[in-house]
Amino acid sequence: MERPTSVVEHELELNLVLSPEHSVPVPARLSYGVHDPYAVHITFHLDTGSPVTWVFARELLVEGTFRPCGQGDVRIWPALAGGTSKGRRSVLCLALSSPAGDALLEAPLPAVAAWLERAHRLVPPGSEMAALDMDGSLAALLA
């Protein structure tokens, strides 16, 4: 008997925007699981040897695919990127701020939207509380 999937992941390449004319590719992994149903995890695979993971609300990522949202450390908005009208593509902009610095990243919006759809099939919006194993978490905390 096959176990149901409890995590959905997607490897993709984001662009770290250095200036309006220049960006560098950054491999990343989107991850969402029933163990943390309110949050999404984005892990950036940098040349530093250690990946960097950001965690924020799934709802924030969903809203950011439609309109600018967020404040403080994580801000997200949809945009068009590219030079000519023929070469323009839909992207999801992620502005991340930390004590170590700020970063503006562009993710391919269709890939993020498709991954979010898979995450919504795993845990439908509004049913996150039912996905939490409160008894198991409390037992682990008290052990």
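Residues numbered from 1 in each chain as written. Predicted model: local features only at pLDDT ≥ 70, side-chain atom pairs only at ≥ 80, totals over all residues. Heavy atoms only, no water.

(A) Quick peek at the overall build of the chain. Of regular secondary structure, the chain possesses four helices and eight strands. Start at the N end of the chain and walk to the C end: the helices and strands fall as β-β-β-β-α-β-β-β-β-α-α-α. A total of 143 residues make up the chain; the buried ones form 31% of that total. For the chain, restricting intrachain contacts to residue pairs at least 6 apart in sequence, the fraction spanning at least 24 positions comes to 36%. As displayed, the chain offers around 9000 Å² of accessible surface, 57% of which is attributable to carbon and sulfur atoms. (Helix = DSSP H or I, 4+ residues; strand = E, 2+ residues; numbered from the N terminus. Buried < 20%, exposed > 50% of the residue type's maximum accessible area, 1.4 Å probe, protein only. Contact = heavy atoms within 4.5 Å. Areas by Shrake-Rupley, 256 points an atom, 1.4 Å probe, with all protein chains shown as cover.)

(B) Region of interest: the nonpolar core. Formed by 28 residues in total, the largest nonpolar core has its most connected members in Phe-44, Phe-56, Leu-61 and Ile-76. Looking at this core element by element, the count peaks at five residues for helix H2 (residues 109-122). The residues touching Phe-44, leaving out its near neighbours within four places in the chain, are Leu-14, Val-26, Pro-27, Ala-28, Pro-51, Val-52, Trp-54, Leu-96 and Leu-105. (Core = buried A, V, L, I, M, F, W, Y, C linked by side-chain atoms within 4.5 Å.)

(C) Up close: the pairing of strand E8 (residues 101-108). Pairing of strand E1 (residues 7-19) with E8 involves two bridges; the strand directions are antiparallel. If you follow Asn-15 over to E8, its bridge partner there is Glu-106. Where strand E7 (residues 89-98) meets E8, eight bridges bridge the pair, whose relative direction is antiparallel. Residue Val-91 lies in a different strand from E8, and its bridge partner there is Pro-108. Counted along the chain from E7 to the antiparallel partner E8, the turn is two residues long. (Pairing = 2+ DSSP bridges.)

(D) Summary view of the environment of Ile-76. Tracing the backbone shows Ile-76 in strand E6 (residues 74-81). Residue Ile-76 is classed as buried on the basis of its relative accessible area, which comes to 0%. Once the C-alpha coordinates of Ile-76 and Glu-106 are considered, the two residues, 30 residues apart in sequence, prove to be 9.8 Å apart.

(E) Molecular detail of the pattern of salt bridges. A complete count under the given rule lists three salt bridges for this structure. Taking the shortest distance from any N to any O, the salt bridge between Glu-11 and Arg-29 comes out at 2.7 Å. With Glu-11 in strand E1 and Arg-29 in strand E2 (residues 22-33), the pair connects residues that are 18 residues apart, well separated along the chain. Since its relative accessible area comes to 47%, Glu-11 is described here as partly exposed. As a salt-bridge pair, Arg-121 and Glu-117 come within 3.1 Å of each other at their nearest N and O atoms. Remark: Glu-117 and Arg-121 occur in helix H2; sequence separation between them is four residues, near one turn of the helix. Since its relative accessible area comes to 56%, Arg-121 is described here as exposed. (Salt bridge = Lys/Arg side-chain N within 4 Å of Asp/Glu carboxyl O.)

(F) Focus on the sheet that holds strand E5 (residues 69-71). Ordered in space as E4-E3-E2-E1-E8-E7-E6-E5, the eight strands form an open sheet in which the pairing is antiparallel. In this open sheet, the two strands that pair with only one neighbour each are strand E4 (52-57) and E5. When the angles between neighbouring strand axes are averaged without regard to direction, this sheet yields 35 degrees. For strand E3 (residues 39-44) and E4, the ladder comprises six bridges, and the chain directions are antiparallel. Within the sheet, the bridge partner assigned to Ile-42 lies in E4 and is Trp-54. The strands touched by H2 within the sheet are E1, E2, E3, E6, E7 and E8, with E1 carrying the most contacts at an inclination of about 150 degrees. (Axes fitted to C-alpha atoms, helices over the stretch in contact; angles between N-to-C directions.)

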